[in-house]
Protein chains: 2
Amino acid sequence: MPHTDLIFLGFGNVGQALARLLLRKRTTLEERCGITWRVVAIATGSHGAALDPAGIDLERALALAEAGHDMGALAARAVPQDRLELIRASGAHVLFENTPVNYESGQPAIDHIRTALQAGMHAITANKGPVVHAYQELSELARAQGRCFFFESAVMDGAPVFALWREALPAAELRAFRGVLNSTTNLILTLMEQGRSFDEAVAHAQSIGIAETDPSGDIQGWDAAIKVAALVTVLMGVPLKPNQVERRGIENLTLQDIEAARAAGRRWKLVCEAERTSPGVRARVHPQQVEPSDPLYQVMGTSSAVTFHSDVLGALSLVEDDPGPHTTAYGLLADFINALRQA
Amino acid sequence: MPHTDLIFLGFGNVGQALARLLLRKRTTLEERCGITWRVVAIATGSHGAALDPAGIDLERALALAEAGHDMGALAARAVPQDRLELIRASGAHVLFENTPVNYESGQPAIDHIRTALQAGMHAITANKGPVVHAYQELSELARAQGRCFFFESAVMDGAPVFALWREALPAAELRAFRGVLNSTTNLILTLMEQGRSFDEAVAHAQSIGIAETDPSGDIQGWDAAIKVAALVTVLMGVPLKPNQVERRGIENLTLQDIEAARAAGRRWKLVCEAERTSPGVRARVHPQQVEPSDPLYQVMGTSSAVTFHSDVLGALSLVEDDPGPHTTAYGLLADFINALRQA
């Protein structure tokens, strides 16, 4: 079987975790899935790019990245400056798109993915932007090209929320869902229950790499709203933009609110929910006090959870603990294997 | 596309629920999955059998079954008395094996499935017997025939525990799992927490059709042990028989035990667990007091849950509420669609 050639756009925490996972799973992929692979191009944000049709030494690429050195040392030939040209010049079979997410436009990831699909590649991303801003266009293009546009890690990291519905729950109709989908706010609420102030909790979430330098996207519920929009768009088949999700964040919750809930035996959670209504879908992100009997009550720290209500099963919940770049990387790997299985 | 011809062996609660689901989903299957189907044979336990290569009127079959009448009225031609002959004579493409489960030998379901696979059919069952007693033989035969032997509903009803690993978590290694997998005992423990005696709780579980007339298989932990053996065999790749699972049931738990746990803020659960050890797998079913922070604490009544520990994700849990014949039927339908997708 010929090698499957890979291009990495973006080689930060997630891209590097994927590279390490690919190396660790090399034998498993070959023996269990019949997949052999090599990386023919890597483009970083600020440390250059490399292109080698004969295969880049991925361990060396990781060493360069960890040392903060330029990838140019690995380039066997001149690397096009333009990313779209680089995608085309790579001749790869699979694009891993891991550039920084742009919530407002989904760019430049959308252009990267479109170019890859047009060139006959599978396109795989952990990036929510292209899902909420271009799902219909990109999935139709993928279908027309006989390729896959997969994005398992865009919601709940590597927990297989999209594959669950695509592969494991065929012919089922999703009627509603409810969950906790934003790790940063859930960690902040957990820390506030332990008595830390809002600002202390935010600072801690930043110090362990969970929250951004500007955490407003998480705290105001935007990240959660984007995930809700992605789930509604893909799993319910109803295109929904993040600004169509009713949204309230946790920015106005005080330690007094947290304490009052605790005294009443409850906890605050930033709840994500959506349900079909007769004309379409009602989708919301809002802080809610949940009872101990609520499946979200025990979702603590950076864990996330979603409960699905369908026309064929009782409530079905998926809960993920301890997410991180390595679990995001696994979602990308699972997409890669599933794309090759289906092609 | 030609019709996919189906044979039903067993037409009790689950077989009838599957028939109703197939009828309800007829348009979805055709439009979304490209599947058209007809039932060419039905064999019941005590109400005869029917065989019609041109297709049996399934609504009429349901009406006969609900009225307790003989299926013979639907037979277009002589029906072989021998079930294996009937399978071969049906010329079907898919066998749904829903005869009563035999925990000790897995028979006659194993013979039914073997015969179907040998005749080039996919074989689908909700029956745990063939999984724990003949998984290796039947899955190898299926592979050699280019067909599928699927059994999603054998554990956690229609919740996609096997498909999750087969389809959605490729190249992942399951290291351990822990869960509540037997509905009857969990319901009994829930009722005892509400103050009912063990015998009252058993009687209630029987009255709503959850517990068998002889509930010892559930209460002594055998059903749970069989499910553990099935998960270990299939998901961990380590053949395990139910009698190799360390097993204690709930038969010795008293209302005093339940009350003492409650006073300490805990609950009794019949916990199923397995973990890889250096030579193989250690698997156990045993009553355990769980804390409120334990994911099993909130699994009440007939709900079930399992938490998976793998080499690629943090703890990943699947929780199913409100199981019943209709959810078992959905697991069979999902297997059917997945078998045709993969063939």
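Residues numbered from 1 in each chain as written. Chains lettered and ligands numbered in written order. Predicted model: local features only at pLDDT ≥ 70, side-chain atom pairs only at ≥ 80, totals over all residues. Heavy atoms only, no water.

A. Summary view of the overall build of chain A. Tallying secondary structure elements over chain A gives 13 helices and 12 strands in all. Scaling as 2.2 N^0.38, a compact globule of 343 residues should have a C-alpha radius of gyration of about 20 Å, and chain A matches this with 21 Å. For chain A, the spread of C-alpha atoms along the principal axes amounts to about 65 × 45 × 35 Å. Each of the 343 residues in chain A was classed as buried or not, and the buried ones make up 59%. In chain A, the share of contacts with a sequence separation of at least 24, taken over all contacts with a separation of at least 6, comes to 69%. When the accessible area of chain A is evaluated, it comes to approximately 13300 Å², of which 46% is carbon and sulfur surface. Each charge sign in chain A was given a centre, from 30 positive and 39 negative side chains, and these centres are 3 Å apart. (Helix = DSSP H or I, 4+ residues; strand = E, 2+ residues; numbered from the N terminus. Rg over C-alpha atoms; globule rule 2.2 N^0.38 Å. Buried < 20%, exposed > 50% of the residue type's maximum accessible area, 1.4 Å probe, protein only. Contact = heavy atoms within 4.5 Å. Areas by Shrake-Rupley, 256 points an atom, 1.4 Å probe, with all protein chains shown as cover. Lys, Arg positive; Asp, Glu negative; His and termini not counted. Charge placed at Lys NZ, Arg CZ, Asp CG, Glu CD.)

B. Spatial organisation of the interface of chain A and chain B. With 41 residues of chain A at the contact, the number on the chain B side is 41 residues. Each partner contributes to the roughly 3300 Å² buried at the junction of chain A and chain B, and carbon and sulfur atoms together form 56% of this total. One can count 4 salt bridges joining chain A with chain B. Where Asp311 of chain B meets Lys25 of chain A, a salt bridge forms, and the shortest distance between an N and an O atom there is 2.5 Å. The interface formed by chain A and chain B includes 22 residue pairs in polar contact (both at pLDDT 80 or more). Contributions of two or more residues to the side of chain A that touches chain B are made by α1 (13-24), α2 (26-33), α7 (161-168), β12 (316-320) and α13 (325-342) of chain A. Here the side of chain A that touches chain B takes 7 residues from α13 of chain A, the largest share from any one element. Partitioned by chemical class, the residues of the side of chain A that touches chain B number 21 nonpolar, 9 polar and 11 charged. (Buried area = accessible area lost by both parts, 1.4 Å probe. Salt bridge = Lys/Arg side-chain N within 4 Å of Asp/Glu carboxyl O. Polar contact = N/O pair within 3.5 Å; in protein donor to acceptor, adjacent residues only side chain to side chain. Nonpolar A, V, L, I, M, F, W, Y, C, P; charged D, E, K, R; others polar.)

C. The side chain of Thr99 of chain A, seen in detail. Residue and element names in this part refer to chain A. Its location among the elements puts Thr99 in the loop between β4 (94-97) and α5 (109-118). Looking at Thr99, the relative accessible area reads 15%, which means it is buried. Within the structure, Thr99 has its side chain in polar contact with the side chain of Glu97 (distance 2.7 Å). In contact with Thr99, not counting residues within four places along its chain, are Leu9, Gly10, Ala109, His112 and Asn127.

D. View of the domain arrangement of chain A. Residue and element names in this part refer to chain A. For chain A, the assigned domains are domain 1 (4-158 + 325-342) and domain 2 (170-320). Each of domain 1 and domain 2 has a C-alpha centre, and these two points are 29 Å apart. Across the contact, 14 residues belong to domain 1 and 18 residues belong to domain 2. Taking both partners together, domain 1 and domain 2 bury about 1300 Å²; carbon and sulfur atoms supply 71% of that area. Three residues, Val132, Val155 and Met156, lead the burial of domain 1 against domain 2; their summed loss comes to 49% of the area buried on that side. Counting every contact that joins domain 1 to domain 2 gives 1 salt bridge. Residue Lys128 is joined to Asp223 by a salt bridge in which the shortest nitrogen-to-oxygen separation is 3.4 Å. Taken together, domain 1 and domain 2 are joined by 3 residue pairs in polar contact (both at pLDDT 80 or more). (Domains from an automatic or database assignment.)

E. Region of the structure containing empty space enclosed by the protein. All names here are of chain A. Applying the stated criterion to the full structure yields 1 cavity of 30 Å³ or more. In this structure, the largest cavity encloses a volume near 30 Å³. Around the largest cavity, the lining residues are Trp165, Leu169, Phe308, His309, Ser310, Leu313, Gly314 and Leu316. At 3 residues, strand β11 (residues 304-310) tops the list of elements feeding residues into the lining of the largest cavity. In terms of residue class, the lining of the largest cavity is built from 5 nonpolar, 3 polar and no charged. (1 Å grid on protein atoms, 1.4 Å probe; cavity = no way out; pocket = protein on both sides within 12 Å on 5 of 7 lines; lining within 4 Å. Points joined across faces, edges and corners; volume = space filled by probe spheres on them.)

F. A look at the sheet that holds strand β2 (residues 37-43) of chain A. All names here are of chain A. Here we have 6 strands laid out as an open sheet, ordered β3-β2-β1-β4-β5-β6, and mixed in their pairing. Strands with a single pairing partner mark the edges of an open sheet, and in this sheet they are β3 (49-51) and β6 (149-150). The pairing of strand β1 (residues 4-9) with β2 spans 6 bridges and is parallel. Each residue of the ladder has a partner; that of Thr4, found in β2, is Trp37. (Pairing = 2+ DSSP bridges.)

G. A look at the pattern of salt bridges. By the definition in use, this model includes 34 salt bridges over all chains. With its nearest N and O atoms 3.3 Å apart, the salt bridge here joins Asp311 of chain A to Arg24 of chain B. Of the two residues, Asp311 of chain A is situated in the loop between β11 and β12 and Arg24 of chain B in helix α1 (residues 13-24); the pairing between them involves two chains. The exposure class assigned to Arg24 of chain B is partly exposed, which follows from its relative accessible area of 48%. When salt bridges that share partners are traced, they join Arg178, Glu273, Arg284 and Asp294 of chain A into one network.

H. Looking closely at the packing of aromatic side chains. Residues and elements named next belong to chain A. Going through the model one piece at a time under the given rule, you end up with 14 aromatic pairs over all chains. Consider the rings of Phe8 and Phe11, whose centres lie 5.7 Å apart with planes at 75 degrees: the pair is edge-to-face. Given the relative accessible area of 0%, Phe8 is considered buried. Its relative accessible area of 6% is what places Phe11 among the buried residues. (Phe/Tyr/Trp six-rings, centres within 6.5 Å; stacked < 30°, edge-to-face > 60°.)

I. Seen up close, the environment of Thr4 of chain A. Residues and elements named next belong to chain A. Here Thr4 is to be found in strand β1. Assessed through its relative accessible area of 7%, Thr4 is described here as buried. For the pair Thr4 and Leu340, spaced 336 residues apart in sequence, the C-alpha separation works out to 9.2 Å. Not counting chain neighbours up to four residues away, the residues in contact with Thr4 comprise Thr36, Trp37, Arg38, His93, Val94, Phe336 and Leu340.

J. View of helix α4 (residues 83-90) of chain B. Residue and element names in this part refer to chain B. Buried within α4 are the following residues: Leu86, Ile87 and Ser90. With its buried residues spanning 100 degrees around the axis, α4 presents them on a single face. Those residues of α4 hidden inside the fold are in contact with β1 (4-9), β2 (37-43), β3 (49-51) and α5 (109-118). You can read the cap of α4 off the contacts: a side-chain oxygen lies 3.1 Å from the backbone nitrogen of Leu84, and it is on Asp82. Within two residues after α4, Gly91 carries a phi angle of roughly 60 degrees, on the positive side. (Arc of directions from axis to C-beta.)

K. Looking closely at unusual backbone geometry. All names here are of chain A. Look at the link from Gln107 to Pro108: it is a cis peptide, with omega at 0 degrees. Here the phi dihedral of Ala171 falls at roughly 65 degrees; this positive angle occurs in a residue that is not glycine. Here Asp322, not a glycine, exhibits a phi torsion of approximately 55 degrees, which is positive. Position of Asp322 relative to the elements: it lies in the loop between β12 and α13.

L. Seen up close, the packing of α5 of chain B against helix α6 (residues 128-145) of chain B. All names here are of chain B. Running from amino to carboxyl end, α5 crosses α6 at an angle of 5 degrees, the nearest separation of the two axes being 10 Å. By the angle between their directions, the pair α5 and α6 is classed as roughly parallel. On α6, the residues touching Ala109, Ile110, Ile113, Arg114, Leu117 and Gln118 of α5 are Pro130, His133, Ala134, Glu137, Leu138, Leu141, Ala142 and Gln145. Taken together, the residues of the contact of α5 with α6 break down into 9 nonpolar, 3 polar and 2 charged. (Axes fitted to C-alpha atoms, helices over the stretch in contact; angles between N-to-C directions. Parallel < 35°, antiparallel > 145°, perpendicular 65-115°, else oblique.)

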